[in-house]
Amino acid sequence: MTYVVTDNCIACKYTDCVEVCPVDCFYEGENFLAIHPDECIDCGVCEPECPADAIRPDTEPGLENWVELNRKYAELWPVITQRRDPLPEASDRDGEADKLTKYFSEAPGEGS
């Protein structure tokens, strides 16, 4: 099992989760975070830290595409280990439906 970042992170990008990760398996895109599924040790400490409830265990039904999306971008983007402020539109976009098709950016973030 691994944890994955899902749709609700897009256009919010809260980074509370990255500070508690003991193995630094979060990677930063311009408006989304990804967890590398091969690096995640399944400790679960990140899940309750996410204000947007965007981190889910991959054992939940229907998350197969999110596992692959996380894997793909974790291999392309820089690692992030330090908390940053969320995106300016985070409070407006939190909970919005279908953010993957509306807002997702493949561009990398800054990393840390």
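Now for a description of the structure that goes with this document.

The rules behind each value
Residues numbered from 1 in each chain as written. Predicted model: local features only at pLDDT ≥ 70, side-chain atom pairs only at ≥ 80, totals over all residues. Heavy atoms only, no water. Helix = DSSP H or I, 4+ residues; strand = E, 2+ residues; numbered from the N terminus. Rg over C-alpha atoms; globule rule 2.2 N^0.38 Å. Buried < 20%, exposed > 50% of the residue type's maximum accessible area, 1.4 Å probe, protein only. Contact = heavy atoms within 4.5 Å. Disulfide = S-S within 2.5 Å. Phe/Tyr/Trp six-rings, centres within 6.5 Å; stacked < 30°, edge-to-face > 60°. Arc of directions from axis to C-beta. Salt bridge = Lys/Arg side-chain N within 4 Å of Asp/Glu carboxyl O.

A separate point is the overall build of the protein chain. Within the protein chain one finds four helices and four strands. Secondary structure of the protein chain in N-to-C order comes out as β-α-β-β-β-α-α-α. Computed over the C-alpha atoms, the radius of gyration of the protein chain is 12 Å, within 12% of the 13 Å expected from 2.2 N^0.38 for a compact globule of 112 residues. When the backbone C-alpha atoms are referred to their principal axes, the protein chain occupies close to 30 × 30 × 25 Å. Relative to its full complement of 112 residues, the protein chain shows a buried share of 48%. Contacts in the protein chain between residues at least 24 apart in sequence constitute 78% of all its contacts with a sequence separation of at least 6.

A few words on the state of the cysteines. All chains considered together, the criterion is met by zero disulfides. Free of any disulfide, C9 has its nearest cysteine sulfur in C50, 6.4 Å distant. For C9, a relative accessible area of 6% translates into the label buried. Overall, the relative accessible area of 14% leaves C50 in the buried class.

Take the packing of aromatic side chains next. For the coordinates displayed, the defined rule picks out six aromatic pairs. Between F32 and W66, the aromatic rings sit 6.1 Å apart at their centres with planes inclined by 40°, giving tilted as the arrangement. Pair noted here: F32 is in the loop between strand 2 (26-28) and strand 3 (33-35) and W66 is in helix 2 (residues 64-74), with a separation of 34 residues, a long-range link. The class of W66 is buried, set by a relative accessible area of 14%. With a centroid separation of 6.3 Å and 75° between ring planes, the pair formed by F32 and W77 is classed as edge-to-face.

Time to look at the side chain of H36. Secondary-structure assignment places H36 in the loop between strand 3 and strand 4 (55-57). With relative accessibility at 8%, the residue H36 sits in the buried group. If we skip the residues at most four places from it in the chain, H36 touches C25, Y27, R71, A74 and E75.

Attention shifts here to helix 2. Buried within helix 2 we find W66, V67, L69, N70, Y73 and A74. Seen along its axis, helix 2 keeps its buried residues to an arc of 165°; they face one direction. What points out from helix 2, more than 90 degrees from its buried face, is the exposed set E64 and N65. On its buried face, helix 2 is in contact with strand 1 (3-5), strand 2, strand 3 and helix 4 (99-103).

So, about the side chain of T15. With respect to the element layout, T15 can be found in the loop between strand 1 and helix 1 (16-20). Every residue in contact with T15, bar those within four places of it in the chain, is listed here: L33, I80, Q82, R83 and R84.

Turning our attention to the pattern of salt bridges. Scanning the model with the defined rule gives ten salt bridges in all. One salt bridge in this structure joins D16 and R83, with 3.6 Å as the shortest N-O distance. Taken together, the residues span a long stretch of sequence, with D16 in helix 1 and R83 in the loop between helix 2 and helix 3 (90-93) at a distance of 67 residues. Overall, R83 belongs to the partly exposed group, its relative accessible area being 38%.

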